[in-house]
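Coordinate analysis (summary)
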Amino acid sequence: MLFYMTAGESHGPQLTGIINGLPAGLEIDVAQINAALTARQGGYGRGNRQKIEHDQVKIVGGLRHSVTLGSPLALTILNKDFAHWQDNMDPLQPANERNTLRQVTRPRPGHADLVGGMKYRQRDLRNVLERSSARETAMRVAIGNICQQLLAQLDIDIVGYVQQVGNVNASLEELPPITIMRDLLSQNDLRILDQTKVEEIHELIDTAKKDGDTVGGVVRVVVENVPAGLGSYTSWDTKLDAKLAGAVMGVNAIKGVSFGQGFAGSQQLGSQVMDAICYDQNKGWGRLSNHLGGFEGGMTNGQSLVINAAMKPLPTLYRALPSVNILTKEVQKANVERSDTTAIVPASIVVASVVAIELAQIITETFDGSNMTRLKEQVAAYRQELQEY
Ligand SMILES: Cc1cc2nc3c(=O)[nH]c(=O)nc-3n(C[C@H](O)[C@H](O)[C@H](O)COP(=O)(O)O)c2cc1C
Ligand SMILES: C=C(O[C@@H]1CC(C(=O)O)=C[C@@H](OP(=O)(O)O)[C@H]1O)C(=O)O
């Protein structure tokens, strides 16, 4: 069973990750992981933290000569900002006058601060915000990229992009193939397909920033060449769309997940939504459209996966909302240190990463995931069998 864990606080020394259950024999390209980490740091509307960080992964276990051993893979990413927080965030530094004076007591509406403080009985909300920060998503991107490299070995390609920012839609009527999408996405700093919307969205983000406000949006992940039959209809907890929805909702600030045309389909007739079945001797089974986003009965149906995720506007506002000081109970403005105006671009990378992790997990569970060469052989044989069904 492929699973992973992360540890580390936003301003602590480093992020740490362990992924267990990767096949032996997977060659890992660290440059590709670092490129994904750089992409997650970027995008229009990011705050000043990204000027400090320069995320690079270090692999410290489970790898020999760049090839996985089948043992747990251990990863680290340094937080460069720790240098400015050492006095406050060093794991062993005793509490002193300076660092206790910097206590966080004014919870931000929409962030984990208040409820986290109540639940874990914290009087310094830094003990909550450090881990609830989306800094952790850097490690999920590193692990997700390794899973993308595994999927690439099986000719499965995945991309995440920004579909909508605030109320401005930047999608195209027809989805181009992923290779063309990549080219379009590299042409702007918003990871959008419709280049005509760049200026309008920049203005939207600039205005929000000037007003001390924040912006959300919708991201989309497309996965090509996924074999049919991953996941199962037999029990609720084996449905792959349900597992994916859980993983995507697990990304900070994601508040909704849908597949294919999503909620819009609920307003249409069945004849407009179901994807008619076709068969071609050379290509095998297919569908004449892909409104359902590649899932039927909790299983992949051989069409591209289309997964949408809605992100709320970020909770930390420079024009802070009213809050209540947890020590004095006085009404005060919520805490603000530093924040992104929008994190919709990084969200598109993070959501694609968690989708890749779930897919790598179901594939290594459906087939023998002990060794990469055997896995490739089994997936190829299965694809052949499906075509001849
Ligand atoms: C890549 C990324 C960057 C984020 N940056 C910020 C930020 O700068 N300020 C902020 O308040 N929230 C930010 N968030 C969102 C918070 O982490 C999130 O809202 C918080 O953890 C509460 O969780 P919830 O929104 O899922 O309930 C970011 C999210 C992501 C995915
Ligand atoms: C550190 C990252 O994002 C952070 C996520 C975040 C939050 O509240 O989620 C708040 C901000 O933290 P800071 O106050 O340190 O600037 C973001 O910068 C990152 O994405 O690498």
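In this text the structure is predicted, and so the values were computed from the model without any measurement.

1. Quick word on the site of ligand 2
- Taken together, 14 residues lie near ligand 2, and Arg 49, Ser 133, Ala 134, Arg 135 and Arg 338 sit nearest.
- When its residues are assigned to classes, the shell around ligand 2 shows two nonpolar, six polar and six charged.

2. Here we look at the site of ligand 1
- Inspection of the region around ligand 1 gives 20 residues, with Ala 134, Asn 252, Thr 316, Asp 340 and Ala 343 positioned closest.
- Broken down by element, the shell around ligand 1 gets its largest block of residues, three residues, from helix 12 (residues 344-366).

3. Examining the environment of Leu 2
- Of note, Leu 2 is situated in the segment before strand 1 (3-7).
- Residues Leu 2 and Pro 72, 70 residues apart in the sequence, show an inter-C-alpha distance of 9.7 Å.
- Residues contacting Leu 2, with those up to four places away along its chain left out, are Asn 20, Gly 21, Leu 22, Ala 360, Gln 361, Thr 364 and Gly 369.

4. Some details on the sheet that holds strand 3 (residues 57-61)
- Read from one edge of the open sheet, four strands run 1-2-6-3, paired in antiparallel fashion. Across the chains shown, the open sheet's two edge strands, defined by having one partner strand only, are strand 1 and strand 3. Within this sheet the neighbouring strands show an average axis-to-axis angle of 20°, counted without direction.
- For strand 2 (residues 14-20) and strand 6 (residues 73-78), the ladder comprises six bridges, and the chain directions are antiparallel. Residue pairing across strands places Gly 17 opposite Leu 75, the latter belonging to strand 6.

5. Comments concerning the UniProt feature "binding site: FMN" (unreviewed entry) in the chain
- Here, UniProt's "binding site: FMN" (unreviewed entry) annotation points to Arg 131, Ser 132, Ser 133, Asn 252, Ala 253, Gly 297, Lys 312, Pro 313, Leu 314, Pro 315, Thr 316 and Arg 338. A stretch of 208 residues holds the annotated residues, and the largest C-alpha distance among them is 44.2 Å, long enough that they do not meet in one place.
- Take Arg 131: it is sitting in helix 6 (residues 126-132).
- By C-beta crowding, Arg 131 is classed as partly exposed, having 17 other C-beta atoms within 10 Å.
- Its place among the elements puts Asn 252 in the loop between helix 10 (240-249) and strand 10 (254-259).
- The residues contacting Asn 252, other than those within four sequence positions of it, are Ala 134 and Thr 137.

6. Section: the pairing of strand 7 (residues 157-165)
- Among the nine residues that make up strand 7, eight are buried, leaving the element largely enclosed by the rest of the structure.
- Judged from the eight bridges that link them, strand 7 and strand 9 (residues 217-224) form a sheet pairing that is antiparallel. In the sheet register, Val 162 faces strand 9, and the bridge partner there is Val 219.
- Of the pairings in the sheet, the one linking strand 7 to strand 8 (residues 168-169) comprises two bridges and is antiparallel in character. Counterpart to Gln 164 in the pairing with strand 8 is Asn 169.
- Taking the residues that link successive antiparallel strands as the turn, the strand 7-strand 8 hairpin has two residues, and the phi of Gly 166 there is positive, at about 55°.

7. Some remarks on the UniProt feature "binding site: NADP(+)" (unreviewed entry) in the chain
- Look at the UniProt record and you will see "binding site: NADP(+)" (unreviewed entry) annotated at Arg 40 and Arg 46.
- With respect to the secondary-structure elements, Arg 46 resides in the loop between helix 1 (30-41) and helix 2 (49-52).
- The class of Arg 46 is partly exposed, set by 19 C-beta atoms lying within 10 Å.

8. A few points about the sheet that holds strand 9
- What the five strands build is an open sheet, ordered 8-7-9-15-10; its pairing is antiparallel. The open sheet has two edge strands with one neighbour each: strand 8 and strand 10.
- Relative to strand 15 (residues 305-311), strand 9 runs antiparallel, the two sharing seven bridges. Across the sheet, Val 222 pairs through a bridge with Val 306, a residue of strand 15.
- Against the sheet, helix 8 (residues 178-185) engages strand 7 and strand 9, with an angle of about 50° to strand 7.
- Each of strand 10 and strand 15 touches helix 10; the most contacted strand, strand 10, lies at about 155° to it.

What counts as what
Residues numbered from 1 in each chain as written. Chains lettered and ligands numbered in written order. Predicted model: local features only at pLDDT ≥ 70, side-chain atom pairs only at ≥ 80, totals over all residues. Near = placed C-beta within 6 Å. Nonpolar A, V, L, I, M, F, W, Y, C, P; charged D, E, K, R; others polar. Helix = DSSP H or I, 4+ residues; strand = E, 2+ residues; numbered from the N terminus. Contact = placed C-beta atoms within 7 Å. Pairing = 2+ DSSP bridges. Axes fitted to C-alpha atoms, helices over the stretch in contact; angles between N-to-C directions. UniProt positions renumbered as here; feature names shortened; annotations may be inferred. Buried ≥ 20, exposed ≤ 12 C-beta atoms within 10 Å, placed from the backbone.

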